[in-house]
Amino acid sequence: MNKSLLLLGCGKMGGALLQGWLEKGYAAHGVCVVERAEAATEKFEKIDGVTIVRDQDQIPAGFHPGMVILALKPQVMDEAAPLARYVGPETAFLSIAAGKTISYFEKLIGADAAIIRSMPNTPAAVGRGITAYVGNAAASQAQMDLAGDLLSSVGEALEVPSEDLIDAVTAVSGSGPAYVFLLIEVMAAAGEKLGLPADLAMRLASATVSGAGELARLSDEPAAQLRQNVTSPGGTTAEALKVLMAEDGIGPVFERALKAAADRSRELAG
């Protein structure tokens, strides 16, 4: 199978993916990067097997990618239209752009194109992302497997059975890091009101959230059990959870928040 890669756009997410691919040895198959900003590609310039160009018309004539990764910002994704010349059974197109549907790419690139849509999140920048992806009928299993391997270079990659689920994925994991950052903010602010210095409150909140997340990741126990493990009957944690788990507590708030995010994701997709 052709595993050469064409990356269109090398911003934060594209750059994180590219770094992961190089660590996995994809440079041996050939990688071409199209990125206008020289600063974004500076650290990749002298790597064997990696070709950097500033415009699509500079892609080497003999280069035929097995996977075209579309990492442009959604508002300029129409610029990918000329890549329709690569449509064929040996090439798939992998999008990491939020809000751009498979049908959008089928209209932009070609109805017969193998299209794989993904929804990564920002922890990919530190190799701890999670990405859901789904393909159209033209995408072969081998192409789906290649997409999964490429996406797993920056964390976990999960294939979902239907594109209809991507809006919910966006609400939970795509937008999810912002919810966690907000949690750190409000925990630190509450700590300040209890008398903690601002810098100490922020360090305590940040370390607690990241540590608890790592414990959840490494544990075989579900989150509900982990919560119970640190909740002594009649203790301090139990008192706090009475507030957080009340009928008007964090559960209903999150339900409303994630529904709003999913609804907006559908609106943006058109």
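These notes cover the structure that comes with them. In this text, all values refer to a predicted model and were calculated from it rather than measured experimentally. (Residues numbered from 1 in each chain as written. Predicted model: local features only at pLDDT ≥ 70, side-chain atom pairs only at ≥ 80, totals over all residues. Heavy atoms only, no water.)

Enumeration according to the criterion identifies two aromatic pairs in this entry. With 5.0 Å between their ring centres and 80 degrees between their planes, Y104 and F105 make a pair best called edge-to-face. Residue classification places F105 among the buried residues on the basis of a relative accessible area of 0%. Residues Y179 and F254 carry aromatic rings whose centres are separated by 6.0 Å and whose planes lie at 90 degrees to one another, so their mutual orientation is edge-to-face. Linking Y179 in helix α6 (residues 176–193) with F254 in helix α10 (residues 250–269), this pair joins segments that are 75 residues apart in sequence. Lying over the aromatic face of Y104, K100 brings its terminal NZ or CZ to 4.3 Å of the ring centre. (Phe/Tyr/Trp six-rings, centres within 6.5 Å; stacked < 30°, edge-to-face > 60°. Buried < 20%, exposed > 50% of the residue type's maximum accessible area, 1.4 Å probe, protein only. Helix = DSSP H or I, 4+ residues; strand = E, 2+ residues; numbered from the N terminus. Lys NZ or Arg CZ within 6 Å of the ring centre and 35° of its normal.)

Let's shift gears to the pairing of strand β1 (residues 5–8). A two-sided burial pattern is seen for β1, the buried positions comprising L5 and L7 on one face and L6 and L8 on the other. Sheet topology note: the β1/strand β2 (residues 31–34) ladder contains four bridges and is parallel. Within the sheet, the bridge partner assigned to L6 lies in β2 and is C32. With helix α1 (residues 12–23) bridging β1 and its parallel neighbour β2, the resulting β-α-β unit is right-handed. (Pairing = 2+ DSSP bridges. Right-handed = clockwise from strand over helix to strand, strands pointing away.)

The next subject is a nonpolar patch on the surface. On the surface, L244, M245, I250, V253 and F254 cluster together into a nonpolar patch covering about 430 Å² of accessible area. Overall, F254 belongs to the partly exposed group, its relative accessible area being 37%. (Patch = residues over 30% accessible without salt bridge, like charges linked within 9 Å, V, L, I, M, F, W, Y side chains within 5 Å. Areas by Shrake-Rupley, 256 points an atom, 1.4 Å probe, with all protein chains shown as cover. Salt bridge = Lys/Arg side-chain N within 4 Å of Asp/Glu carboxyl O.)

As a further point, take the environment of R227. Mapping R227 onto the fold places it in helix α8 (residues 223–229). Its relative accessible area of 33% is what places R227 among the partly exposed residues. Residues contacting R227, with those up to four places away along its chain left out, are L241 and M245. (Contact = heavy atoms within 4.5 Å.)

Fair warning: the whole summary comes from geometry, so function is off the table for now.
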